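A look at the structure
The primary structure of each chain is shown beneath.
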Amino acid sequence: KNDVPTTIVVFGASGDLAKKKTFPALFHLFEQGLLPKRVSIIGYARTQMTIDEFHKRATSHFSPDAKKDSVAAFLKVCNYVSGKYDVDADFQALRSEIDGHERAANISNECERIHVYYMALPPSVFVDVAGQIKRNVYDETCTNRVVIEKPFGHDLESSRKLSHDIGALFDEAEVFRIDHYLGKEMVKNILSLRFANVFYEAVWNRHYISNIQITFKEPFGTEGRGGYFDEFGIIRDVMQNHLLQVLSIVAMNQPQSLGAEDVRDRKTEVLRRILPLQLEDTMLGQYVGTKDGSKPGYKDDDTVPKNSITPTFAQCVLHVDNDRWRGVPWVIKAGKALDEAKMLIRIQFKDMPNALFPKLARNELVIQVSPKEAVYIKTIVKEPGLSTSLAMSELDLSYKTRYHDVKIPDAYATLILDVLNGDHSNFVRSDELDEAWRIFTPLLHQIEKEHVQPMPYEYGSKGPDGVYQFVENRAGYKRTSLEYHWEAPQ
Ligand code: BG6
């Protein structure tokens, strides 16, 4: 497959996403020899720039130890076309550029070719550009793939409109909706853990599991992105997409095969069994500046309205109403400006049903997505030595110590590779997206209509008061004694 001539057009090539994620990921694949041998990359954006300026920008976020000759070889296949997002002639010029490259490389339009249109664009120009591509660039003689980035609308209705508008232009098979969490190593690992090991699947249900938490914490605020963020808030920014996607993989039943449609069918099935989220099952927060003034509050950001009620923190309980999960609370939590950077899935098992030993603590299986990928199982052992008491320990699979030489790729690199291979399994299908919005939209509308005030929490704290009591009271989570800590290996 690696020899199918491929053109990748990156729209929004001068923007932040392209600079920080798309081009570094393309370069990573190029360096590893994973881009097709005959590849041509074309950046497209409004900014007028020379090719050198474009190259400088595209490489601005490459790792400092990127090899100079690899970068030079990569830039040889990267060109730039500037054009507006609503002018037919500009897109026709782009088409000529693509055709010109193919002619120059002796690639006839009778041979198999792939054209990828990667839209690293703000939502305001999204549909216009999709229309322009279809009208003026789309080539019926080759395979066309369109990559789109969130936000996919801001509620159920707007998302349906967007899906409808995109669906009128491209087949679902041509569309790749990125949720970059689906490209993360440990998220991709969930299916293997669950369905390639006999002992996980055996206890993966309401008979053994007490509660599940999916947690996303960032130690910084909206720094510079307040304008974008204020329109969305943490529920739309992280929960409705990243965390719900992770939930659906942890909760899904075994797919018929690893084929994209089988996997996505099972994920969608789970989402269908989740009732819309209620306000009373939700805790909302917004960060304020630190007492010593060293860190600003959310509303101190100049791009945020002074009366904003946008949540920067949310924690809620969801229920999956099917035979596997009925009665098991799922707590999803996401917050900015908290005490640490962490993304993990914590599965807490029920108490051991015998009276042989005192109940020291519950088993937990923790899948740490970031930082420091790890899977560990909190396990009770006999205290080593002459003592016969119990001690809390862990079976620990920390990637850093187990896989010394493996460099975990950025999520974008693995996802772009999937696009090149035409594999949809790690992309969001339109019916999945629809279900995800169905779960969150009533709550989002209620918050806006009733001006529900978020609770304040200090920048760098663990969140609003009562954040842990919520998990204990609402989900039956039992804390392991405070003396026990799992330490990531140094
Ligand atoms: C993005 C959100 O989708 O995900 C950001 O818009 C968030 O607000 C980011 O910071 C987190 O991604 P990662 O890969 O850094 O965990």
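How each quantity is defined
- Numbering of residues starts from 1 in every chain and runs along the sequence as written.
- Thresholds applied to this predicted model are a pLDDT of at least 70 for local features of residues and 80 or more for the giving and counting of side-chain atom pairs; totals over whole chains, interfaces and linings are not thresholded and use all residues.
- Hydrogens and water molecules were not included; the side-chain quantities draw on all heavy atoms of the structure.
- Only DSSP runs of H or I with at least four residues qualify as helices, and only runs of E with at least two residues qualify as strands; both kinds are numbered from the N terminus onward.
- As a reference, a globule follows 2.2 Å times the number of residues to the power 0.38, and the radius of gyration itself is taken over C-alpha atoms.
- Three labels apply to residues, based on accessible area from a 1.4 Å probe with only protein chains included: buried if under 20% of the type maximum, exposed if over 50%, partly exposed otherwise in between.
- The contact rule is simple, with two residues in contact once any of their heavy atoms fall within 4.5 Å.
- Every accessible area reported is derived by Shrake-Rupley at a probe size of 1.4 Å, with residue values counting cover from the shown protein chains alone.
- Only strands that DSSP links by at least two bridges are regarded as paired with each other.
- All axes are obtained by fitting lines to C-alpha atoms, using only the stretch in contact for helices, and the reported angles, taken between N-to-C directions, cover 0 to 180 degrees.
- When describing relative orientation, an angle under 35 degrees is termed roughly parallel and one over 145 degrees roughly antiparallel, while 65 to 115 degrees is termed roughly perpendicular and anything else oblique.
- Helix crossings get a hand from a simple test, with the near helix turned counterclockwise from the far one by less than a right angle marking a left-handed crossing and a clockwise turn marking a right-handed one.
- Any residue with a heavy atom lying within 4 Å of a molecule or strand is counted as near it.
- To pair, rings of Phe, Tyr and Trp, with the six-membered ring standing in for Trp, must have centres within 6.5 Å; the planes then decide the type, stacked if under 30 degrees apart, edge-to-face if over 60, and tilted in the middle.
- Given a residue, its bend is the angle between the two axes fitted to the seven residues that end at it and to the seven that start from it.
- Polar contact criterion, stated in full: a pair of N or O atoms within 3.5 Å, where within protein one must be able to donate a hydrogen and the other to accept it, and residues adjacent in sequence count only if both atoms are side-chain atoms.
- To define a nonpolar core, start from buried Ala, Val, Leu, Ile, Met, Phe, Trp, Tyr and Cys residues and group those joined through side-chain atoms within 4.5 Å.
- As used here, the arc is the angular range of directions from the helix axis to the C-beta atoms.
- Note that Gly is not counted as nonpolar here; it falls among the polar residues with everything else outside the nonpolar set of Ala, Val, Leu, Ile, Met, Phe, Trp, Tyr, Cys and Pro and the charged set of Asp, Glu, Lys and Arg.

Things to note about the overall build of the protein chain
- When helices and strands are counted, the protein chain shows 14 helices and 15 strands.
- Whereas a compact globule of 490 residues would reach a radius of gyration of roughly 23 Å, the protein chain reaches 24 Å, a difference of no more than 12%.
- Taken over the C-alpha atoms alone, the protein chain extends approximately 75 × 50 × 45 Å along its principal axes.
- Per-residue burial for the protein chain yields a buried fraction of 54% across its 490 residues.
- Across the protein chain, every contact between residues at least 6 apart in sequence was considered, and the portion connecting residues at least 24 apart equals 78%.
- As displayed, the protein chain offers around 22,700 Å² of accessible surface, 52% of which is attributable to carbon and sulfur atoms.

Topic: the sheet that holds strand β15 (residues 455–458)
- Within the open sheet, the 9 strands sit side by side as β14-β13-β12-β11-β7-β10-β9-β8-β15. Their pairing is mixed. Both edges of this open sheet fall to β14 (390–398) and β15, since each of them pairs with a single strand only. Taken over all neighbouring pairs, the strand axes of this sheet differ in orientation by 20° on average, direction set aside.
- The sheet contacts of helix α14 (residues 467–475) involve β7 (209–217), β8 (282–288), β9 (313–319) and β10 (329–335), and relative to β9 the element is tilted by about 5°.

A few points about the packing of helix α10 (residues 260–272) against helix α13 (residues 430–449)
- With their axes 9 Å apart at the nearest point, α10 and α13 run at an angle of 20° to one another. The angle between α10 and α13 falls in the class roughly parallel. Handedness of the crossing formed by α10 with α13: left-handed. Of the residues in α13, those touching α10 at Arg264, Lys267, Thr268, Leu271 and Arg272 are Asp431, Glu432, Glu435, Arg438 and Ile439.

Observations regarding the site of the ligand
- Every residue close to the ligand is listed here: Lys150, His180, Tyr181, Lys184, Phe216, Glu218, Arg225, Asp237, His242 and Lys336.
- Computed on the free molecule, the ligand has an accessible area of 390 Å², of which 75% lies beneath the protein chains in the complex.

Structural notes on unusual backbone geometry
- In this model, Lys150 is joined to Pro151 through a cis peptide bond whose omega is 5°.
- Mapped onto the elements of the fold, Pro151 is located in the loop between β5 (143–149) and α6 (156–169).
- The amide bond that connects Ser370 to the next residue, Pro371, takes the cis arrangement and shows omega of -10°.
- Residue placement: Pro371 occurs in the loop between β12 (364–370) and β13 (374–382).
- We note that Ala337 has phi near 55°; this positive angle belongs to a residue other than glycine.
- When you line up the elements, Ala337 lands in the loop between β10 and β11 (342–349).
- Its relative accessible area of 0% is what places Ala337 among the buried residues.
- A positive phi is found at His451, a non-glycine position, where the angle reads about 50°.
- When you line up the elements, His451 lands in the loop between α13 and β15.

A short note on the packing of aromatic side chains
- Under the counting rule described, the total for this entry stands at 24 aromatic pairs.
- Ring geometry for Phe62 and Phe74: centres 5.9 Å apart, planes at 55°, overall tilted. One end of the pair, Phe62, is in the loop between α2 (51–58) and α3 (68–76); the other, Phe74, is in helix α3, and 12 residues separate them in sequence. This pair shows no difference in class: Phe62 is buried, exactly as Phe74 is.

What about helix α9 (residues 226–251)?
- Of all the bends in α9, the greatest measures close to 95° and is centred on Gly233.
- Most of α9 sits inside the fold, with 23 of its 26 residues counted as buried.

Brief notes about the pairing of β11
- Along β11, 7 of the 8 residues are buried, which leaves the element largely enclosed by surrounding structure.
- As paired elements, β11 and β12 share 6 bridges and run antiparallel to each other. What sits directly across from Gln348, in β12, is Glu364.

Re the environment of Lys150
- Among the secondary structure elements, Lys150 is positioned in the loop between β5 and α6.
- The exposure class assigned to Lys150 is partly exposed, which follows from its relative accessible area of 22%.
- Sequence separation between Lys150 and Asp88 is 62 residues; the distance between their C-alpha atoms is 25 Å.
- Of note is the side chain of Lys150, whose polar atom sits 3.0 Å from the backbone oxygen of Asp237.

A word on the environment of Ser124
- Note that Ser124 resides in helix α5 (residues 123–137).
- Through-space distance from the C-alpha of Ser124 to that of Gly463 is 33 Å; in sequence the pair is 339 residues apart.

Some details on the nonpolar core
- With 141 residues, the main nonpolar core has Phe11, Leu247 and Trp330 as its most contacted residues.
- With 12 residues, the top contributor of residues to this core is α9.
- Filtering out sequence-adjacent residues up to four positions away, Leu247 remains in contact with Ile214, Val270, Ile274, Leu318, Val320, Trp330 and Ile332.
- Core analysis: the next-biggest nonpolar cluster, separate from the first, contains 8 residues, Leu344, Val366, Met392 and Tyr484 among them.

Side note on α14
- Within α14, burial applies to Val467, Phe470, Val471 and Ala475. Seen from one end, α14 has its buried residues packed into an arc of 95°, which puts them on one side.
- For α14, the elements touching its buried residues are β7, β8, β9 and β10.
- Backbone geometry just downstream of α14 places Gly476 in the positive-phi region, at approximately 70°.

A few points about the packing of α9 against α13
- Look at α9 against α13: their axes get within 10 Å of each other, and the N-to-C directions meet at 145°. Crossing angle aside, the handedness with which α9 passes α13 is right-handed. Between α9, through Ile235, Arg236, Met239, Gln240, Leu244 and Gln245, and α13, the contact on the second element is made entirely by Glu432, Leu433, Ala436, Trp437, Ile439, Phe440, Leu443, Leu444, Ile447 and Glu448.
- Along the lines of polarity and charge, the residues of the contact of α9 with α13 split into 11 nonpolar, 2 polar and 3 charged.

Function cannot be inferred from these measures alone, as they are strictly geometric.
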